[in-house]
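Structure assessment
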Amino acid sequence: MITVEAQPFAFGFDPVSVALIVIDMQRDFIEPGGFGETLGNDISHMQRAIGPTKTLLELFRAAGWPVIHTRENHAADLGDCPPAKRERGNPSLRIGDDGPMGRILIRGEPGAEIIAECAAREGEIVIDKPGKGGFYATPLADTLSQLGTKSLVLAGVTTEVCVQTTMREANDRGFECLLIEEATESYFPAFKAATLDMIRAQGGIVGWTASLDAFHRAVRNTQQI
Ligand code: TIU
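Here's a quick rundown of the structure. Because the structure is predicted, anything quoted here is derived from the model rather than measured. (Residues numbered from 1 in each chain as written. Predicted model: local features only at pLDDT ≥ 70, side-chain atom pairs only at ≥ 80, totals over all residues. Heavy atoms only, no water.)

1. With respect to the packing of aromatic side chains
Note the threshold: Ring geometry is summarised as follows: Phe, Tyr and Trp rings, the Trp one being its six-membered ring, pair when their centres sit within 6.5 Å, and such pairs are stacked at plane angles under 30 degrees, edge-to-face over 60 and tilted between the two. Helix and strand definitions here come from DSSP, where helices need a minimum of 4 consecutive H or I residues and strands a minimum of 2 consecutive E residues; each element is numbered from the N-terminal end.
According to the stated counting rule, one finds 10 aromatic pairs in the structure shown. With centroids separated by 5.8 Å and ring planes inclined at 0°, the aromatic side chains of phenylalanine 60 and phenylalanine 215 adopt a geometry described as stacked. Pair noted here: phenylalanine 60 is in helix H3 (residues 47-63) and phenylalanine 215 is in helix H8 (residues 212-223), with a separation of 155 residues, a long-range link. In this structure an aromatic cluster arises from ring pairing among Phe9, Phe11, Phe13, Phe60, Trp65, Trp208 and Phe215.

2. A closer look at the pairing of strand E3 (residues 18-23)
What counts is decided by this rule: Buried residues are those whose accessible area, probed at 1.4 Å on protein chains only, stays under 20% of the maximum for their type, while exposed residues exceed 50% and partly exposed ones sit between those limits. Pairing between two strands requires that DSSP report at least two bridges joining them.
For E3, the tally of buried residues reaches 6 of 6 residues, placing the bulk of the element in the interior. A two-sided burial pattern is seen for E3, the buried positions comprising Val18, Leu20 and Val22 on one face and Ala19, Ile21 and Ile23 on the other. In this structure, E3 lies alongside strand E8 (residues 151-157), joined through 6 bridges in parallel fashion. Residue pairing across strands places valine 22 opposite alanine 155, the latter belonging to E8. When E3 meets strand E4 (residues 67-72), the two strands line up parallel, connected through 4 bridges.

3. What to know about the pairing of E4
With 6 of 6 residues buried, E4 lies mostly within the body of the structure. Neither face of E4 is left uncovered, since the one carrying Val67, His69 and Arg71 and the one carrying Ile68, Thr70 and Glu72 both have all their residues buried. Bridging between E4 and strand E7 (residues 125-129) involves 5 bridges; their strand directions are parallel. Within E7, the residue paired with histidine 69 across the bridge is valine 126.

Here it is, written out as structure tokens:
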């Protein structure tokens, strides 16, 4: 067992049954002209999560533990995009519209790709998802079952939307979930802080949070990496 100094108390995991899931580190959420910016958000906040997420990816790769990436996206014909999602609000461009990085949030378009710093390596699993949660309408549950995963370490964007939704879905499915604090970001700093608080409140009602340094220390002590 590896024990990480975490909140609300220590997070223990068996290295044979841990996996990293990096949520939606896509150009559409992080770069100018993408989905996040069309919604009216200040995308500069996303920059803070890039370095820590890359470090976390490197830790998992060095340890030889499974890495899963998710991407929020839709089919070119929008067959998997509910009108309620596309027509919500008054964005500057809607899902499927042409933008500077291709069609907004459409699978295969440049904007829907994962940013270069966090791109999937050969052998890593990439899950395309039409919703905010990683389990809805995806093979993620089967993938984790095949891997024998019991503990999930989470990172990615945005904290209170796709990361929290996926973490709640995973918690309900019986996974023990640890969110790495620096490796996630929101367009709203107050929402990130509130999300971290609500995850670990009530004795870890949704799971645990830990600093990247605490996770690194725990792994280094036991794995010599
Ligand atoms: N808008 C927002 O904060 N997030 C999303 O729409 N998707 C994800 O979080 N990936």
